[in-house]
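Spelled out, the chains give:
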Amino acid sequence: YAPYKVTVYSITFHMDGTATGKTETTKPSVEGATLLNTYGTVFGNMGTCVNLSQLQNKATLGIIKSHYNSVTSENEMKPDALLGYNPTLISVAEAKQLGYVIPDNYKETTVPKINFTKIDQTLKICAENGLKYRAHTLVWHSQTPTWFFREGYQSNGAFVSPEVMDARLEFYIRTVMGHVYDQENGDLVYSWDVVNEYVHADGHGWKEVYGNEGLEPSFARLAFEIADDVLKQYELRDKVSLLYNDFNTYSDTSAILKLVTFINANEKICDGIGMQSHLKTSYPSASSYLYTVQKFLDEGYEVQITELDVGNSNDLMQGLYYYDIMKGLLEKKQNGGNITGITLWGLADIYSW
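About the thresholds
- Residues numbered from 1 in each chain as written.
- Predicted model: local features only at pLDDT ≥ 70, side-chain atom pairs only at ≥ 80, totals over all residues.
- Heavy atoms only, no water.
- Helix = DSSP H or I, 4+ residues; strand = E, 2+ residues; numbered from the N terminus.
- Contact = heavy atoms within 4.5 Å.
- Patch = residues over 30% accessible without salt bridge, like charges linked within 9 Å, V, L, I, M, F, W, Y side chains within 5 Å.
- Areas by Shrake-Rupley, 256 points an atom, 1.4 Å probe, with all protein chains shown as cover.
- Salt bridge = Lys/Arg side-chain N within 4 Å of Asp/Glu carboxyl O.
- Buried < 20%, exposed > 50% of the residue type's maximum accessible area, 1.4 Å probe, protein only.
- Core = buried A, V, L, I, M, F, W, Y, C linked by side-chain atoms within 4.5 Å.
- Pairing = 2+ DSSP bridges.
- Right-handed = clockwise from strand over helix to strand, strands pointing away.

Novice: Whenever I open this one, the environment of L222 confuses me. Can you help?
Specialist: Tracing the sequence through the fold places L222 in helix α9 (residues 218-233). As for L222 and Y322, which are separated by 100 residues in sequence, their C-alpha atoms are 37 Å apart. Residues in contact with L222, not counting those within four places in the same chain, are D166 and L169.

Novice: So what exactly am I meant to see when it comes to a nonpolar patch on the surface here?
Specialist: Where nonpolar side chains cluster on the molecular surface, the patch consists of L316, M317 and L320 and spans about 280 Å² of accessible area. Residue placement: L316 occurs in helix α12 (residues 315-334). Note on L316: relative accessible area 60%, which makes it exposed.

Novice: Looking at this model, I keep getting lost on the nonpolar core. Mind explaining?
Specialist: Side chains of a nonpolar character, in soluble globular proteins, are inclined to be buried together. Of all hydrophobic cores here, the largest spans 100 residues; its most connected members are I173, W192 and L329. Here the element with the most residues in this core is helix α7 (residues 162-182); it accounts for 10 residues. Discounting residues that sit within four places of it in the chain, L329 has contacts with F43, L290, V293, I305, I339 and I342.

Novice: I'm lost on the pairing of strand β13 (residues 339-344) in this one. Help?
Specialist: Along any regular strand the residues' side chains alternate between the sheet's two faces. In terms of burial, β13 is largely enclosed, as 6 of its 6 residues are buried. Two strands pair when backbone bridges link them, and strand β12 (residues 302-311) and β13 are joined in this way by 3 bridges, in the parallel orientation. In the strand pairing of β13, V303 is matched with I339. Once you follow β12 into α12 and on to β13, the crossover reads as right-handed.

Structure follows, in structure tokens:
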């Protein structure tokens, strides 16, 4: 899959029993090669992160379609994008009319309105252009507005109790996933990042509500339990993956495995691990990174490379580093490793994280 030199051996056999030969070193043709018709054929899902305006640009969309069959919204499915920086509160009755799911343990009289406009537009464009969709993300401390954790959904309110937050979490996950799967384009969503970056979270609303739960966070398990139940409700459990997504997975491997083991203590509701993979040519080494991939595979988890980019000092170093990473991933996949997709974070280095 890379235009490196190859050696071709040519041997001619003669009637007198002798043979002559020659060697020729060439570069294989890469004409017509794309990320989609090379890596995409091996891993199934070859993706990139986008925003809606890029999908709405005809020229950019053409590039996306030529190289990818999967997209991830860079920001538009994160909680702050759906909930807004300031809440728009509606009554429970209004929420039900809009199709929101209000669980039995939800005792408040209002809920925040969720803005699905950009997600609906994104899924429509994906459907019209043969693109699948990775949903990123349901639960994340970093881009969840602080008012979501406070009494009355007010930024200056006291933090609510764990019981109230459990109900809010269930309302949010069931409503977002239900909205996606109730529409005609919902079947494009093949994977959800249910919980994002918990291992590296500090000083956030979840911790203020639930306290320091270490690597056994009750709300993270609850989030997966709810998401798992939604997929079963829509008869999609064997078609859609639920992942825990994080960065620096190669330096925090043990902690991540402990967390996922806790989530799956009763049954396997977290299918696998999303390795963000914001790498540098200086760290981690390709061998260290690939060792972590194998560790997750050996533990029986699906692996998706979800946000791949590589910081570098020059293009040659970046290219060689990518070569080692991709060569190793190809070998693991071809040896039966359950690697189900690669997503590059940005359409070009200038747009990467």
